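Single-letter residue listing:
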Protein chains: 4
Amino acid sequence: MNFTSNAKYEEIASLINRYHAIRQHSVNLIAELSAEDCQLQAMADVSPSKWHLAHTTWFFETFLLTQQQAQYQVFDSAFKVLFNSYYNGIGDQYSRASRGALSRPSLESVLGYRRYVDNAVLEFLNQTIHVSKEIADIIELGLNHEQQHQELMLMDIKYNFSINPLFPHYYDKNNNPVAVSQSQVSELNFVPFSQQIIDIGAADSDFSYDNERPKHQVFIQPFRFANRLIANGEYLAFMQSGGYQNPEYWLSDGWAQINKTHQTAPLYWHKINNEWFEFTLHGLQPLALAEPVTHITFYEASAYAHYCNARLPTEFEWEYAAAHTLEDQFKQSNSANSTAPVIEQLTEHCWQWTNSAYLPYPGFKPIAGVAGEYNGKFMANQMVLRGGCKFTPKNHLRLTYRNFYYPHQAWMRSGIRLAKD
Amino acid sequence: MNFTSNAKYEEIASLINRYHAIRQHSVNLIAELSAEDCQLQAMADVSPSKWHLAHTTWFFETFLLTQQQAQYQVFDSAFKVLFNSYYNGIGDQYSRASRGALSRPSLESVLGYRRYVDNAVLEFLNQTIHVSKEIADIIELGLNHEQQHQELMLMDIKYNFSINPLFPHYYDKNNNPVAVSQSQVSELNFVPFSQQIIDIGAADSDFSYDNERPKHQVFIQPFRFANRLIANGEYLAFMQSGGYQNPEYWLSDGWAQINKTHQTAPLYWHKINNEWFEFTLHGLQPLALAEPVTHITFYEASAYAHYCNARLPTEFEWEYAAAHTLEDQFKQSNSANSTAPVIEQLTEHCWQWTNSAYLPYPGFKPIAGVAGEYNGKFMANQMVLRGGCKFTPKNHLRLTYRNFYYPHQAWMRSGIRLAKD
Amino acid sequence: MNFTSNAKYEEIASLINRYHAIRQHSVNLIAELSAEDCQLQAMADVSPSKWHLAHTTWFFETFLLTQQQAQYQVFDSAFKVLFNSYYNGIGDQYSRASRGALSRPSLESVLGYRRYVDNAVLEFLNQTIHVSKEIADIIELGLNHEQQHQELMLMDIKYNFSINPLFPHYYDKNNNPVAVSQSQVSELNFVPFSQQIIDIGAADSDFSYDNERPKHQVFIQPFRFANRLIANGEYLAFMQSGGYQNPEYWLSDGWAQINKTHQTAPLYWHKINNEWFEFTLHGLQPLALAEPVTHITFYEASAYAHYCNARLPTEFEWEYAAAHTLEDQFKQSNSANSTAPVIEQLTEHCWQWTNSAYLPYPGFKPIAGVAGEYNGKFMANQMVLRGGCKFTPKNHLRLTYRNFYYPHQAWMRSGIRLAKD
Amino acid sequence: MNFTSNAKYEEIASLINRYHAIRQHSVNLIAELSAEDCQLQAMADVSPSKWHLAHTTWFFETFLLTQQQAQYQVFDSAFKVLFNSYYNGIGDQYSRASRGALSRPSLESVLGYRRYVDNAVLEFLNQTIHVSKEIADIIELGLNHEQQHQELMLMDIKYNFSINPLFPHYYDKNNNPVAVSQSQVSELNFVPFSQQIIDIGAADSDFSYDNERPKHQVFIQPFRFANRLIANGEYLAFMQSGGYQNPEYWLSDGWAQINKTHQTAPLYWHKINNEWFEFTLHGLQPLALAEPVTHITFYEASAYAHYCNARLPTEFEWEYAAAHTLEDQFKQSNSANSTAPVIEQLTEHCWQWTNSAYLPYPGFKPIAGVAGEYNGKFMANQMVLRGGCKFTPKNHLRLTYRNFYYPHQAWMRSGIRLAKD
């Protein structure tokens, strides 16, 4: 994003609108929640909604206002530590696992913090004749950061509600739209791709995170890519065939984990009176067999793939297959009689585990400055997921997007896409 | 408590008044707290205020209404598990360490639960012509149970607030009454008591917990009993003399604990810019040197006693010295020229660690029925504290009261009374 | 032990004989073990035989030779830390849990250390014309300490072998003397004792540990004391009646422990092809139903007592009943027609859990000097066991002996004696 | 390895010789160790020498003799479980962390097991006219497996000795050859390589592990590769500049680890009286500043690279640079006037952390049959190291060899090779 003088008024106006819309959306997400709901932290990995609302605000205060506005007065000096997530360059952080143990500041006070910072940002933008690239970049980063946290808010609320025996629902319990019916599930097949040198990663022209850059060439061997995600019913068959009892399917660390936790089903599945249910944002619902299986660990995804004599795709195969599909769809729409293979469920259902570890691309450079701790320091022990999910803001999706989690985690909306050699 | 027909109307009226007053006091305790405050659980040992409000209500619903009122409809069947603390006889319990992870039922809903149960109890009592001993006993037990939880609510709020870097205050921050000024601290001396056979424990005539009964005889050797509690300033001198670095003062398990936790001061003490502060319900306050030291583990109390070439009293010595003092005070007030020794700070400041393990008295019998899990099953690994504290409801105190905690715990208001042979 | 000039030669000769005999017995205990066996440490609570052999030697080197012999040269200066168990007054200690991780010094070298120290001790005694009380006391303490470690060596070897799937045997596997046959088991009954003031503890005249002193008076209520220990067959009936599944029998901490460890039988019991076996120093043996149950935690003993509507005796009741029995036996042997009740299995089978916490007697004084850490610092969190066991050297037994372990421990030879009010 | 009939006698003879030599070398490694030394297991990651000697023997018994020799009688049926490392396909395994708790079988007995199995293998080979490819492959795998364990034996002995305060030495303490003197350390520089498509992995013709196959093409970007390893002195400078206190150098998981363990220097470094020492197989030695730094975690290697504004190479860069160097050296030796850059210390000093996660190559196929658990199931959470080390048998080295460890581990001989874009 680069603002030249000609277009500057429209661009600032557009930026202001975008800022308004995205910031408002975060607040909309808690419209149906109480202050008590917004304080929940049911495990160390999740954060209270209130914390998300404050931290995303802290981001603008810390990386924009404090740095660019000499006369800016921080809302509360204690927030520097309280709402710092992991930026050692900024200073100390309040203990992550204890975020749910803070009743003060109250939700009301955090919403006041948001209004205070929003006013300051908008005042700053309104006073500005020329938005420098540096400032535009930090705002863009802040808005993308906020959208990431919007997805986290939904993931975290789901987990926080899931351990309550009352099974609270975030959306209307009686209006649970089944996205995929059994008749809509196409037969699983594998679309072939030939060996070639492909472009991977994001170009510099549009917004992307540092971990998606630079765009570079990768040599891929021939592979085949599943036309759709694995469904709940298929995963249930794996379970019923003894999948969790047979070490031959499992990575060694995965086998150790399920033996330690005694896990025998995905995170949110419950067997009640011999029927399977799944906890959802609509509360506890009968397991929808045709829907993609979600909230799966990497170990589970990998075990399922072994059970099928298949494997998970690499992130490069995923990006290439997905880009190819979109191109084909574009061509198809311009052609009367298409035979292009159809690859479905790419970004709208769930993030898809790849067999690629989360590592820097060749030539990777972290963002300059204090915000540079953003992505690079997590490049160990995690695996890449590609796609996007129901919880991701639609305009936050990119085919080059690299999501990443530890192999044992499942509270994000993760699912299974298979591949074969 | 026994209701004979003659006095029954007054007695029921009095019981209703008492019920009203005690139940109302619990709600009064949260008058200045938000719903968010009432949900805090900053460690596994403490519970949210909301949980205390619900659990004490569950007690009356479970042990009185459900058992005595055939037509009683429970408020919410899920509460049977959610608000059961530890009664295996009643059934499953929701995980203790996760009580803070419940935003539903809301505080509002819990207050509704209280009103519902209170109405049912009062209706039951109003309809009753004769309150049987069994029913009177269970109500009395429930009210004492509620008073215990009132003390727990204050202990738990203090701990929950203490880990918040904003150091919230429960009472007015600028109105922290210092109970004891330096000039009021009498010189520490030891009042002698001679060898004899004494009565220990509560008689059957008045209310007491099962663990205080039966009254029985104990042979005690001559001992001396400190005339007052140890003050913050005295404990500070122990610290400054290297008390936490010198193993000779410490029990082996205590030395292991402070080496594991790296503890070098009492739980709520903070050294800020070389000045000592103490976290209190009035927020962070300068350490009041003349006040009794509080929130002390048994290990710390024991180490301090070793440092003084003294020891902690047994619970029998404590009970005898305290009872003796009261008798003396009574006699004194009737005599012109008293020389009776003065023992101060018995029940109003803090619970006092004794060197007695929490064990059954000879002939101990648990309460009959499902409420019988009340005290007996905790008779291992804990030490007895005697006295009472600032957080204890005044009409809940008894000289025979046996409080008990694990030696490493300090979030209750515990302090140090010395004794010598 | 007090050496007056008259009797000094005989007394020194007798002390030298006693030293020889006890020190040699420790070495005899490993006669059938390999150097590899002597290095085992299968859990943190146990120590390698090699360590015991070295530590008991270190005791004489540290508390006798180094202090009393100006010209004494230590065998190896590194041993000061390596073989210090827990004496902070002496200095640092090598990590207890890592004792099994030391292959050097070798067993051979440790046996050399023993010879070196024994020579120095005997030379010292031979040169001595008058053994002062202080020196006689420290030698006596050292010999009793060594005898304690002889019992520990057998306990620890048993545990160390027990986790080896080959079930090694320390004694001849085919020569396992069953101590008690079914026909020898008398009917369980309870011998009544009346209320009185009794003497408890050891007199100053004979050797005893500091924790057994001073002798003092205790008031006891009437009680009844089981005539024998609980047998394996009786404990098995408790298990088969669902004892480990029923929380009503268990102390709260005990219930938590068996739920965490999933324990459903005593430590050394194994069910193989539907038959019960017990691991013993003779290897794996069919469970002998008539023998006393052993290797029982305090929690198990307490649960069993609840199941029987009985309780465990206090240590005062135990000492009194045992002393009484001996007196009676003495009288009986002098009377033609005795009706005195018979109490069996007091010291020869297993230590017997009491319901008394391990706490100081009134007027308790630790041993003076650096050896004074001997007993006092363990007076928290442990329970007293009385009696003695098959592993205890016979001349190490005393009716006033106070053994102590944590309630969850079972690798010592502990069993169940019941009592009733 | 493929045995055609023509060459079969020589080939069998050669295989027998090779079997003899490699098996004997394992036993030679413990020539200076006692049975006690061979039983040590100082942490869960390491195994006793005795266990290695037994497990490598179990490998031949299980995968060769039991499968190919109908009449073969196993040495001891209990060994099937005791010495199974991780092959779920074979059955249960004895707990890994408790290998040091087995004194039986004795070292003597394990050496007998080796002789028994070796005799059976050699008898089998001598009787064989034609060694099938399947059998040749399993023997070859067994011999490579044994060589891997020879390296592990040295790594493990080093760790086991390192925690003994006596710092035992495996080699002569007074004959510690310093491999690299300060004058021999060339200036650190970076050799450039251009972008290209390279071949990675092992061809099928020679022996390699399944994880090195198939050979495949990889596109690499231009990179620069350090001419030598990082020396102890350079790493010390990083430490002295505050490297362990500055989060900006560290991966997030690495920063968490050093804060949890309070680590401030490499595993085997000791500061004694202000001088740095390093524990080695020659005992404790003054830190040799010119020698490559070793026993470094991935987190430490990564932090050091950040500190230098460099990075770790990928495993593809490593393999390519190493292969290139060898080619150049070959050409150089045939050319009068070479200018080829020199890359040193490739395989003889230490394994070199790469920034590549341990993942399957495209088209990876595990070994067929029960031995197929060999490598694939560890392909999560670990990083690849390339090269070889002083402990690796020389004829076990290959440029395509992929070693792998968890990022926090350091007991293998790991070091730092830098790269740059």
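Residues numbered from 1 in each chain as written. Chains lettered and ligands numbered in written order. Predicted model: local features only at pLDDT ≥ 70, side-chain atom pairs only at ≥ 80, totals over all residues. Heavy atoms only, no water.

A. Here's a closer look at the sheet that holds strand β4 (residues 223–226) of chain D. All names here are of chain D. Strand order in the open sheet formed by 3 strands is β1-β4-β12, and the pairing between neighbours is antiparallel. Whereas interior strands pair on both sides, the edge strands pair on one side only; in this sheet they are β1 (190–193) and β12 (419–420). As judged from the 4 bridges shared by β1 and β4, these two strands associate in the antiparallel manner. When the sheet's bridge partners are listed, Val191 is paired in β4 with Phe225. (Pairing = 2+ DSSP bridges. Helix = DSSP H or I, 4+ residues; strand = E, 2+ residues; numbered from the N terminus.)

B. Quick peek at the interface of chain B and chain A. Taken together, the 26 residues of chain B in the interface contact 27 residues of chain A. Counting the surface lost from both chain B and chain A, the interface buries some 2100 Å², and carbon and sulfur atoms represent 57% of this. Viewed at the interface, chain A and chain B are joined by 4 salt bridges. With a shortest N-O distance of 2.7 Å, Asp37 of chain B and Arg104 of chain A are connected by a salt bridge. (Contact = heavy atoms within 4.5 Å. Buried area = accessible area lost by both parts, 1.4 Å probe. Salt bridge = Lys/Arg side-chain N within 4 Å of Asp/Glu carboxyl O.)

C. Molecular detail of the UniProt feature "domain: DinB-like" (unreviewed entry) in chain A. Per the UniProt record, "domain: DinB-like" (unreviewed entry) is annotated on residues 20–153 of chain A. End C-alpha atoms of residues 20–153 of chain A are separated by 19 Å, and the span's content is 56% helix alongside 0% strand. (UniProt positions renumbered as here; feature names shortened; annotations may be inferred.)

D. Inspection of the pattern of salt bridges at higher detail. Per the counting criterion, the structure on display carries 60 salt bridges over all chains. In this structure, Arg402 of chain C engages Glu315 of chain C in a salt bridge whose closest nitrogen and oxygen atoms are separated by 2.8 Å. Of this pair, Arg402 of chain C sits in the loop between β9 (383–386) and β10 (403–405) while Glu315 of chain C is found in helix α9 (residues 315–333), placing the two residues 87 residues apart along the sequence. Across the pair Arg311 of chain D and Asp421 of chain D runs a salt bridge, and its minimum N-O distance is 3.0 Å. Of this pair, Arg311 of chain D sits in the loop between α8 (298–307) and α9 (315–333) while Asp421 of chain D sits in the segment after β12, placing them 110 residues apart in sequence.

E. Local environment of the interface of chain C and chain D. Of the residues lining the interface, 26 residues belong to chain C; the matching set on chain D comes to 27 residues. Interface area, chain C with chain D, both sides summed: about 2100 Å², of which 57% is carbon and sulfur. Among the residues of chain C in contact with chain D, Glu36, Arg104 and Leu166 of chain C are the three that bury the most area, contributing 33% of the side total. There are 4 salt bridges connecting chain C and chain D.

F. Seen up close, the packing of helix α2 (residues 49–68) of chain D against helix α4 (residues 107–127) of chain D. All names here are of chain D. At a closest axis distance of 9 Å, the pairing of α2 and α4 adopts a crossing angle of 30 degrees. Between α2 and α4, the angle is such that the two are roughly parallel. In this structure, α2 meets α4 at a crossing whose hand is left-handed. Residues Lys50, Leu53, Ala54, Thr56, Thr57, Trp58, Phe60, Glu61, Leu64, Leu65 and Gln68 of α2 form the contact with α4, whose participating residues are Leu107, Val110, Leu111, Tyr113, Arg114, Val117, Ala120, Val121 and Phe124. Along the lines of polarity and charge, the residues of the contact of α2 with α4 split into 14 nonpolar, 3 polar and 3 charged. (Axes fitted to C-alpha atoms, helices over the stretch in contact; angles between N-to-C directions. Parallel < 35°, antiparallel > 145°, perpendicular 65-115°, else oblique. Left-handed = near helix turned anticlockwise from the far one by under 90°. Nonpolar A, V, L, I, M, F, W, Y, C, P; charged D, E, K, R; others polar.)

G. The environment of His216 of chain D, seen in detail. Structurally, His216 of chain D can be placed in strand β3 (residues 216–220). Judged by relative accessible area, which is 7%, His216 of chain D ranks as buried. Separated by 14 residues in sequence, His216 of chain D and Ala202 of chain D place their C-alpha atoms 8.7 Å apart. Apart from residues no more than four positions distant in its own chain, His216 of chain D is found in contact with Gln221 of chain A together with Ile198, Asp199, Ile200, Tyr361 and Pro362 of chain D. (Buried < 20%, exposed > 50% of the residue type's maximum accessible area, 1.4 Å probe, protein only.)

H. How the structure looks around the confidence of the model for chain A. Residue and element names in this part refer to chain A. When the pLDDT values of chain A are averaged, the result is 92; 94% of them are 70 or greater. The model gives residues 1–5 a pLDDT under 50, and that stretch makes 15 contacts with residues more than four places away or in other chains. Model confidence for the complex: the whole-complex pTM is 0.94, and ipTM, which rates the interface, is 0.94. (pLDDT = per-residue confidence, 0-100.)

I. Quick look at the domain arrangement of chain A. Residue and element names in this part refer to chain A. Assigned domains within chain A: domain 1 (3–162) and domain 2 (178–421). Taken over C-alpha atoms, the centre of domain 1 sits 29 Å from the centre of domain 2. Contacts between domain 1 and domain 2 engage 30 residues on the former and 30 residues on the latter. Note on domain 1 versus domain 2: buried area summed over both sides is about 2600 Å², and carbon and sulfur give 63% of it. Of all residues in domain 1, Glu151, Met155 and Lys158 bury the most surface against domain 2, accounting for 28% of the area lost on that side. Viewed at the interface, domain 2 and domain 1 are joined by 0 salt bridges. (Domains from an automatic or database assignment.)

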